[in-house]
Amino acid sequence: MIRSFFKRLISLKLHWQIFIALALGVIAGVLTGEEKTFFNIVTFYSVFDFLGALFLRALKMIIVPLITSSIITGVSGVGSSGSLGKIGGKTFLYYVTTSMLAILVGLMLVNIITPGIEDGSPVRDKLGLTADTGDFKEEVTEEGADALVNIFLRMIPTNPISSAVEGDILPIIFFCLLFGYFITKLPEKYNQTLNDFWQAVFEVMMQMTGFVMKFAPIGVFGLIARIVASTGFEVFGPLALYFTTVLSALAIHFLVTLPLLLMIVAKVNPIRHYNAMAPALLTAFSTSSSSATLPLTMECVEKRAGVSNRVTSFVLPLGATVNMDGTALYECVAAMFIAQAYGIGLTVGQQFIVVITALLASIGAAGIPSAGLVMITIILKAIGLPLEGVGLILAVDRILDMCRTTVNVFSDSCGTVIIAKTEGETNLLTEPIQ
Ligand code: ASP
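Small disclaimer: the values here were computed from a predicted structure and weren't measured.

Caption draft 1: Just the site of the ligand, in detail. Around the ligand, a shell composed of 16 residues is seen, among which Ser290, Thr327, Gly372, Asp401 and Arg404 lie nearest. A distance of 2.7 Å separates an oxygen atom of the ligand from a polar atom in the side chain of Thr327. In this structure, an oxygen atom belonging to the ligand sits 3.1 Å away from a main-chain N or O atom of Ala371. The fraction of the free accessible surface of the ligand (270 Å²) that becomes covered by protein chains is 100%. Of all the secondary structure elements, the ones that give two or more residues to the shell around the ligand are α16 (371–383) and α18 (397–422).

Quick look at the structure:
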């Protein structure tokens, strides 16, 4: 009976397998916690940890060669047809527009719900915040400005090989964009050799991705069970309202704004797109990492949503680090919440600074767990809010990270479909996926 159960499970579509794994992970985590052991030999927790780590390592193994080969082939492919500037411009426009839309939804909700104020007074005392807020600035502080400038400085590698070795994605992207572009400037002989080589590397990486993806249900089970076993479902107390604000804003972006863009601009059925992207979205949720999810995102967008390799390999790797709608929104809400919790009312001008720094911070954030949380410090520095405020939002960050990463990945995928459509592709989301 167990065998036939597993047989049926394996014959299910991948996203159902992952979904079931996720649910089983929650149940397993709740039942075992961190302490329970398996025949007194090992804790269940360490088994979950092992399964999740195996999957994550396999994904990470793929990232650098996948990004390198996909950007180089993508840019040289687009560049040789002379439309690099056009597609680059559209991509940039999409990234900035959707991130701004996300931030504005967040800003609106945090102003309406005011999670940092309870019964008319700031929640600082309730949360034990003591920092002096006398240093709050009207303008961007020098230190904050430095941190912002650094985001751009870090994009250019001093040594691309060491960036690759360290898995520092943004500089790798920058180098590969240039490398791909200048391939198109080479004489035919060299151009052909390099194109063939990188295309072949890319094909291998996609095949490896397909292979690793088969293990997604096991990996997702391990990751989720581990998180649930270690954190449980804590009561969020005074953070509940903040948590709800971020979650509601993310939900609006995920369920209203982006699907509307898909319907209006790309003229495709958003439900089909959710279906096509389900394995990547569930993996983003479980790993909290856009970069680690990138291989699956590419596979889903190409194989399930029908976007050409030409557009996918340009828009997605870039989007995984640069386009983070969920993170941008979260940065804005979190900074506003901290200001409210300290009893600091921000003027429209100051809120504008928060919006712009939130956008920059989301561009600079790496696609790894908790990157957004680290970036908050830049915003706080920029407007001179006490850095101690970060400690305040730590407790609920993991779950919010899972949700914002899902939104980040979804926005990248929507951008790819929209740009493909504007490039005249007709094969998008034509097949219903059960
Ligand atoms: N974990 C997010 C991502 O990989 C970044 C963040 O922390 O907001 O997309």
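Anyway, onward from the coordinates.
Caption draft 2: Layout of the pattern of salt bridges. Summed over all chains, the structure comprises six salt bridges. With its nearest N and O atoms 3.0 Å apart, the salt bridge here joins Glu423 to Arg310. Taken together, the positions of Glu423 in the segment after α18 and Arg310 in helix α13 (residues 309–322) put the pair 113 residues apart, joining distant regions of the chain. One continuous salt-bridge network, built from bridges that share partners, spans Lys90, Arg310 and Glu423.

Caption draft 3: Seen up close, helix α11 (residues 270–287). With 18 residues, α11 extends 24 Å from end C-alpha to end C-alpha; this agrees with the ideal 26 Å at 1.5 Å per step. Along its length, α11 shows its largest kink, about 60°, at Ala278, and proline Pro279 lies within four residues downstream of that point. Buried residues dominate α11, accounting for 14 of its 18 residues.

Caption draft 4: Representation of the packing of helix α4 (residues 84–113) against helix α10 (residues 240–266). Relative orientation of the contacting elements α4 and α10 amounts to 140°, with a least axis distance of 9 Å. With respect to each other, α4 and α10 are oriented oblique. Seen from above, α4 lies across α10 with right-handed handedness. Touching Tyr94, Thr98, Leu101, Ala102, Val105, Gly106, Leu109, Val110 and Ile113 of α4 are Leu241, Thr245, Ser248, Ala249, Ile252, His253, Thr257, Leu258 and Leu261, all from α10. In terms of residue class, the contact of α4 with α10 is made up of 12 nonpolar, six polar and no charged.

Caption draft 5: Here's a closer look at the environment of Ser411. Mapping Ser411 onto the fold places it in helix α18. We classify Ser411 as buried; its relative accessible area is 0%. For the pair Ser411 and Leu316, spaced 95 residues apart in the sequence, the C-alpha separation amounts to 10.0 Å.

Caption draft 6: Geometry of a nonpolar patch on the surface. Together, Ile252, Leu255, Val256, Leu260, Met263, Ile264 and Val265 line one region of the surface with nonpolar side chains, adding up to about 600 Å² of accessible area. Its location among the elements puts Leu255 in helix α10.

Caption draft 7: Representation of the nonpolar core within the structure. Core analysis: the largest hydrophobic core is formed by 129 residues, its most contacted members being Tyr242, Tyr330 and Ile393. At 13 residues, helix α3 (residues 44–80) tops the list of elements feeding residues into this core. Setting aside residues no more than four positions away along its own chain, Ile393 makes contact with Tyr242, Tyr330, Ala334, Phe337, Ile338, Leu373 and Ile376.

Caption draft 8: Spatial organisation of the side chain of Thr416. Positionally, Thr416 belongs in helix α18. A polar atom in the side chain of Thr416 sits 2.7 Å from the backbone oxygen of Asp412. The residues contacting Thr416, other than those within four sequence positions of it, are Val301, Val307, Val311, Thr312, Val315 and Leu316.

Rules and cut-offs
Residues numbered from 1 in each chain as written. Predicted model: local features only at pLDDT ≥ 70, side-chain atom pairs only at ≥ 80, totals over all residues. Heavy atoms only, no water. Near = heavy atom within 4 Å. Polar contact = N/O pair within 3.5 Å; in protein donor to acceptor, adjacent residues only side chain to side chain. Areas by Shrake-Rupley, 256 points an atom, 1.4 Å probe, with all protein chains shown as cover. Helix = DSSP H or I, 4+ residues; strand = E, 2+ residues; numbered from the N terminus. Salt bridge = Lys/Arg side-chain N within 4 Å of Asp/Glu carboxyl O. Expected span 1.5 Å × (residues − 1). Bend = angle between axes of the 7 residues up to and from the residue. Buried < 20%, exposed > 50% of the residue type's maximum accessible area, 1.4 Å probe, protein only. Axes fitted to C-alpha atoms, helices over the stretch in contact; angles between N-to-C directions. Parallel < 35°, antiparallel > 145°, perpendicular 65-115°, else oblique. Left-handed = near helix turned anticlockwise from the far one by under 90°. Contact = heavy atoms within 4.5 Å. Nonpolar A, V, L, I, M, F, W, Y, C, P; charged D, E, K, R; others polar. Patch = residues over 30% accessible without salt bridge, like charges linked within 9 Å, V, L, I, M, F, W, Y side chains within 5 Å. Core = buried A, V, L, I, M, F, W, Y, C linked by side-chain atoms within 4.5 Å.

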